[in-house]
Amino acid sequence: MSGASSFGGLLRFRTAVPRMAVGVAALLGAMSFLGAWWLIVALHVVAPIFLPSPATVARAFWTMCADGVAMPNALISISRVWSAFLLSAIIAVPLGILMSGYRIIGAFLEPLIDFIRYLPVPALVPLAIIWFGVGEETKIFLLWLGTFFQLVLMVAADMKRVPGEYFETAYTLGAKPRQTLGTVALPAMLPQLMDSMRISLGWCWTYVIIAEIVASDSGLGFVIWTARRFMKTDQVMAGVIMIGLIGLLTDQCLRLLHRFLFRYQSS
Amino acid sequence: MSNTLGNTGSMPDQAGAYLRFESVTKTFGAVPVVQEPFSLDIPAGQFVVFLGPSGCGKTTLMRMIGGLDTPSSGRILLQGQPVGGPDIRRGMVFQSYSSFPWLSVRKNVEFGMRFRRDMTKAQKRERAGYFLDLVGLSDFASSYPSRISGGMRQRVAIARTLAADPDVLLMDEPFGALDANLREDLQYELRKIQKKSGKTTIFVTHDVEEAVFLADRIIVFGSRPARVMADMDILSMVGPVRDETLRDSERFFHIRTDILHLLRGRLREAGQEGA
Ligand SMILES: Nc1ncnc2c1ncn2[C@@H]1O[C@H](COP(=O)(O)OP(=O)(O)OP(=O)(O)O)[C@@H](O)[C@H]1O
Ligand SMILES: [Mg+2]
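- If you look chain A up in an unreviewed UniProt entry, it shows as ABC transporter permease from Acetobacter suratthaniensis.
- Recorded in UniProt under Subcellular location (unreviewed entry), the annotation for chain A is "Cell membrane".

## What about the packing of aromatic side chains?
Working step 1: A complete count under the given rule lists 23 aromatic pairs over all chains for this structure.
Working step 2: Look at Tyr166 of chain A and Trp102 of chain B: their rings are 5.5 Å apart centre to centre, the planes differ by 90°, and that puts the pair in the edge-to-face class. Here the residue Tyr166 of chain A occupies a position in helix 8 (residues 164-172), and Trp102 of chain B occupies one in the loop between strand 6 (90-93) and helix 2 (105-110), the pair thus bridging two chains.
Working step 3: Residue Tyr166 of chain A is classed as buried on the basis of its relative accessible area, which comes to 8%.

## Quick notes on unusual backbone geometry
Working step 1: One non-glycine residue, His44 of chain A, adopts positive backbone phi at about 55°.
Working step 2: When you line up the elements, His44 of chain A lands in the loop between helix 2 (19-42) and helix 3 (54-66).
Working step 3: The phi torsion at Asp165 of chain B lies on the positive side, around 55°, for a residue other than glycine.
Working step 4: As for its placement among the helices and strands, Asp165 of chain B is situated in the loop between helix 4 (150-163) and strand 7 (168-172).

## Some points on the sheet that holds strand 2 (residues 31-42) of chain B
Residues and elements named next belong to chain B.
Working step 1: Spatially, the four strands line up as an open sheet ordered 2-1-4-5, and their pairing is antiparallel. Both outer strands of the open sheet, strand 2 and strand 5 (81-82), are each paired with one neighbouring strand and no more.
Working step 2: As judged from the two bridges shared by strand 4 (residues 73-78) and strand 5, these two strands associate in the antiparallel manner. Its bridge partner lying in strand 5, Leu78 is registered against Gln81.

## Structural notes on helix 3 of chain A
Residues and elements named next belong to chain A.
Working step 1: Here helix 3 spans 18 Å end to end across 13 residues, near enough to the 18 Å set by a 1.5 Å rise per residue.
Working step 2: Along helix 3, the residues that are buried comprise Pro54, Val57, Ala60 and Met64. Down the axis, helix 3 shows its buried residues gathered within 120° of arc, on one side only. Those residues of helix 3 that are exposed and aimed more than 90 degrees away from the buried face are Arg59, Trp62 and Ala66.
Working step 3: Buried positions along helix 3 lie against helix 2, helix 4 (70-101), helix 10 (220-229) and helix 11 (233-261).
Working step 4: Residue Gly68 follows helix 3 closely and has a positive phi angle near 75°.

## So, the environment of Ala128 of chain B
Residue and element names in this part refer to chain B.
Working step 1: Residue placement: Ala128 occurs in helix 3 (residues 121-134).
Working step 2: Looking at Ala128, the relative accessible area reads 0%, which means it is buried.
Working step 3: C-alpha separation for the pair Ala128 and Leu263, spaced 135 residues apart in sequence, amounts to 41 Å.

## As for empty space enclosed by the protein
Residues and elements named next belong to chain B.
Working step 1: Here the structure, examined in full by the defined rule, presents one cavity of 30 Å³ or more.
Working step 2: In this structure, the largest cavity occupies an estimated 40 Å³ of space.
Working step 3: Contributing to the lining of the largest cavity are Val135, Arg155, Ile158, Leu186, Glu189, Leu190 and Ile193.
Working step 4: Secondary structure elements with two or more residues in the lining of the largest cavity: helix 4 and helix 5 (180-197).
Working step 5: Counting residues per element, the lining of the largest cavity draws most heavily on helix 5, at four residues.
Working step 6: Tallied by class, residues from the lining of the largest cavity come to five nonpolar, no polar and two charged.

The rules we used
- Each chain has its residues counted from 1, running along the sequence as written.
- Working convention: letters from A go to chains and numbers from 1 go to ligands, in the order in which they are written.
- Residues qualify for local features only when their pLDDT is at least 70, as the model is predicted, and side-chain atom pairs are given and counted only at 80 or more; totals for whole chains, interfaces and linings, by contrast, use all residues.
- Hydrogens and water are ignored here; the side-chain numbers use all heavy atoms of the structure.
- UniProt positions are given in the numbering used here, feature names are shortened, and annotations may be inferred rather than shown by experiment.
- In this scheme Phe, Tyr and Trp rings, the latter by its six-membered ring, pair at centre separations within 6.5 Å, and the angle between planes marks the pair as stacked below 30 degrees, edge-to-face above 60, and tilted otherwise.
- Numbering goes from the N terminus for both helices and strands, where a helix is a DSSP run of H or I of at least four residues and a strand is a run of E of at least two.
- To sort residues, take the accessible area from a 1.4 Å probe on protein chains only and compare it with the maximum for the residue type: under 20% means buried, over 50% means exposed, and anything in between is partly exposed.
- Between any two strands, at least two bridges found by DSSP are needed for them to pair.
- By this rule the span expected of a helix is its residue count minus one, scaled by 1.5 Å.
- In this context, the arc is that of the directions from the helix axis out to the C-beta atoms.
- For this analysis, residues touch if any pair of their heavy atoms sits within 4.5 Å.
- Only protein atoms enter the 1 Å grid, on which a cavity is a set of points fitting a 1.4 Å probe that cannot get out and a pocket is an open set with protein on both sides within 12 Å along at least 5 of 7 lines, lining residues being those with an atom within 4 Å of a point.
- Grid points are joined across faces, edges and corners, and a volume is the space filled by probe spheres set on the points.
- Gly falls in the polar group here, along with every residue not listed as nonpolar (Ala, Val, Leu, Ile, Met, Phe, Trp, Tyr, Cys, Pro) or charged (Asp, Glu, Lys, Arg).

Next comes the structure, spelled out in structure tokens:
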């Protein structure tokens, strides 16, 4: 009786559910996915060469880790992602703030940036190779290209969203306009800013794989692409899952950090 | 320049300054908001309430005092000097986004002293402590605004503004978002604090009862374009003492009713003009 009513409570529109239920639901979601996958393979809906069973993929995953293929390549990809991401954030954050703080700079740059950010990164691969060859620079450049212009605009928008009342209050408390940059604008936008950076880090992962497939002899993208050449579907899938896991882990860490840094916010 | 607040951290507080509007008008683009030239003299230390229907230009007038908007014509004088851009002499408390969520209550109150070079850290802390105590928030000094109630957040903003020691205190519907009981408590406290500090205060509201309870003087505005309908000397009508018995008194009720009639009459008139 009470079980039935509390179960009904889980389905109430826009209502919080117990932590426990959240965990169980997430686990069930993952398990039903694995279950469906396993079922499809077990019923021979698809040939194993195209879709190996979860167990086979897990084994491939384990072998790749054990024989020292996965970790070094994962580290290479991670370091590419982070160097390109930091490079783009270091320029994008001040520039975005400038664009929003000084409207004339925004007017000058926004159309240009809007144009560039719609250029699809894969279309720029040939150009990048012509300019930089197939070395590290090409990959960093492509990742940077894919995130920088998006991030600049997101930073500018984050700053624009800071309520005008905060600035005006600060002025009437004796702050000069420039002083509000550090005392109002930055702290007020920081939670949003960190979210924007987290999102653009995710894009870096997308682009690093493209770059490594097209122009690389290392990294997870390269590992996946090589496995494909030998039709080792289980390794391809293990590689993809590894990318997903790294992404998930990074994202969760950043979320935790976010919650810790901005615990002054109402939950 | 007298020390009106007692020991506020080794720094004498400014008494309120007098304020004067000289034929002020304001037009946004082609839209006149204050069309009839607005003139008003506000003596130092007076508690003035701007009362009027929504959209009549109260906020606009207040923002012009704060230097956040500039008059289209005419000028505003503070202690005889025309006001320029916003500065520490005209402190403002807004209805929303009043306290900084990323700072603790104490850091919020210290915010206005942050830009001063003539005080030591210890002095700033001491002074913040004094004003926290004044608004009854000493126990919440290290809390963040999201952890305290809306009424407390407004008190933080008031303490922060007072700690910055402005010449005039500008408040734009600071209690607008609060429930009735809390509002009455805060009105009582604000009135006490204002008298104690002697700061010239302009308070915007469209709540008639709030206006009568708080004001030494009420300027009643008609709907737009802004027009002064009445300049009421509430101090001589109900005296300086404001407490809960006043709210129940017949005098209070009559003044309230008169103002309501005044506002309604104006609305009816406007309706007939429109028809
Ligand atoms: N920046 C602006 N640009 C154009 N019009 C404006 C601007 N600010 C205010 N107005 C207009 O001026 C009129 C008066 O606005 P104001 O905010 O001063 O009214 P108010 O008396 O404070 O009203 P309320 O009680 O609703 O806060 C409104 O009709 C508003 O639309
Ligand atoms: Mg208003």
